[in-house]
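One-letter residues, chain by chain:
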Amino acid sequence: MLLYLILIVGAVGVILLLLKLASGPSASKALKRRMELVKERHAEGVTAAAQAQIRKLMAARSSRSKASLRRSSRALLSSGSGWR
């Protein structure tokens, strides 16, 4: 009796393992993985565009601050007074 129970449990286990192997990867997991890849690919483009915009803003800010510094130094030099 115990031998038959062990054989039946073993046979059911083998059948379940074969079904698991034959089913392959989950379609929903594959879809989710593909969507994540697409999101990452497009997010990099958005990130690159944002970084480029930040670089432009910082360059504009830098040139404006340099221009204002040049104007103030010219005014100081043309007034004849020193730095002190």
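Everything discussed here concerns the structure shown above.
Residues numbered from 1 in each chain as written. Predicted model: local features only at pLDDT ≥ 70, side-chain atom pairs only at ≥ 80, totals over all residues. Heavy atoms only, no water.

### Observations regarding the overall build of the chain
Right, on to step 1. Secondary structure summary: the chain contains two helices and zero strands in total.
Right, on to step 2. Within the structure as shown, the chain displays about 8100 Å² of accessible surface, and the carbon and sulfur contribution to it stands at 68%. (Helix = DSSP H or I, 4+ residues; strand = E, 2+ residues; numbered from the N terminus. Areas by Shrake-Rupley, 256 points an atom, 1.4 Å probe, with all protein chains shown as cover.)

### Digging into helix H1 (residues 2-23)
Right, on to step 1. In this model H1 runs 32 Å from its N-terminal to its C-terminal C-alpha over 22 residues, within 8% of the 32 Å that 1.5 Å per residue would give.
Right, on to step 2. Positive phi shows up at Gly 24, right after H1, with a value of about 75°. (Expected span 1.5 Å × (residues − 1).)

### Looking at a positive patch on the surface
Right, on to step 1. There is a patch of like positive charges on the surface, built from Lys 20, Lys 29, Arg 33 and Arg 34.
Right, on to step 2. Looking at which element gives the most residues to the positive patch, the answer is helix H2 (residues 27-79), with three residues.
Right, on to step 3. For Arg 33, the position within the fold is in helix H2. (Patch = residues over 30% accessible without salt bridge, like charges linked within 9 Å, V, L, I, M, F, W, Y side chains within 5 Å. Salt bridge = Lys/Arg side-chain N within 4 Å of Asp/Glu carboxyl O. Lys, Arg positive; Asp, Glu negative; His and termini not counted. Charge placed at Lys NZ, Arg CZ, Asp CG, Glu CD.)

### As for a nonpolar patch on the surface
Right, on to step 1. Among the surface-exposed residues, Leu 3, Tyr 4, Leu 7, Ile 8, Val 12, Ile 15, Leu 16 and Leu 19 lie close enough to one another that they form a single nonpolar patch of about 870 Å² accessible area.
Right, on to step 2. Secondary-structure assignment places Tyr 4 in helix H1.
Right, on to step 3. Overall, Tyr 4 belongs to the exposed group, its relative accessible area being 59%. (Buried < 20%, exposed > 50% of the residue type's maximum accessible area, 1.4 Å probe, protein only.)

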